[in-house]
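# Coordinate analysis (summary)
If you want the building blocks of each chain, they are given just below.
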Amino acid sequence: MNNNVHQLYQKIQANPEYRQPLFRKALQDPQGALRAIIDLGNELGLPVSVEEVKEYLSNLDDTETKQWLIKARGGL
């Protein structure tokens, strides 16, 4: 798996300026949130694919992220 997706996830988790808007977007537009994650990765020099993001998130053992995914399940 691309290490960029792990690094990007860590940056999102550590920065509320990334995390909170993505969470809000995921509640209303899950596909838009996924596109925003991809765009953020490109902006930060950590390009990732849709498939890499989905695979990474599905393999996490993180309760908070799993709850986020349940709410946004329709698009992710």
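Scroll up a little and you will see the structure.
All of these numbers come straight from a predicted model, not from anything done at the bench.

What follows deals with the overall build of the protein chain. When helices and strands are counted, the protein chain shows 5 helices and 0 strands. Counting from the amino terminus, the protein chain carries its helices and strands in the arrangement α-α-α-α-α. Residues classed as buried in the protein chain amount to 36% of the 76 residues present.

L8, I12, I37, V48 and V53 are the most contacted members of the largest nonpolar core, which totals 15 residues. The set of elements that each furnish at least two residues to this core consists of α1 (3-14), α3 (30-43) and α4 (50-58). Once you skip the residues sitting within four places of it in the chain, L8 turns out to touch I37, L40, G41, L44, L46 and V48.

For the pair α3 and α4, interaxial distance at closest approach is 10 Å and the crossing angle is 110°. Here α4 runs roughly perpendicular to α3, going by the angle between their axes. Contacts from L34, I37 and I38 of α3 reach α4 at V50, V53 and K54.

For the coordinates displayed, the defined rule picks out 1 aromatic pair. Here the aromatic rings of Y9 and Y56 are separated by 5.4 Å at their centres, their planes lie at 55°, and the arrangement is tilted. With a gap of 47 residues between them, Y9 in helix α1 and Y56 in helix α4 connect regions that are remote in the sequence. Y9 sits in the buried class, given a relative accessible area of 11%.

Let us look at the pattern of salt bridges. Inspection of the entire model under this criterion finds 2 salt bridges. The salt bridge partner of D29 is K25, with a shortest N-O separation of 3.7 Å. A salt bridge links R35 to D29, with the nearest nitrogen and oxygen atoms 3.9 Å apart. Looking at R35, the relative accessible area reads 47%, which means it is partly exposed.

Definitions and cut-offs
- Residues numbered from 1 in each chain as written.
- Predicted model: local features only at pLDDT ≥ 70, side-chain atom pairs only at ≥ 80, totals over all residues.
- Heavy atoms only, no water.
- Helix = DSSP H or I, 4+ residues; strand = E, 2+ residues; numbered from the N terminus.
- Buried < 20%, exposed > 50% of the residue type's maximum accessible area, 1.4 Å probe, protein only.
- Core = buried A, V, L, I, M, F, W, Y, C linked by side-chain atoms within 4.5 Å.
- Contact = heavy atoms within 4.5 Å.
- Axes fitted to C-alpha atoms, helices over the stretch in contact; angles between N-to-C directions.
- Parallel < 35°, antiparallel > 145°, perpendicular 65-115°, else oblique.
- Phe/Tyr/Trp six-rings, centres within 6.5 Å; stacked < 30°, edge-to-face > 60°.
- Salt bridge = Lys/Arg side-chain N within 4 Å of Asp/Glu carboxyl O.

None of this, on its own, says anything about what the molecule does.
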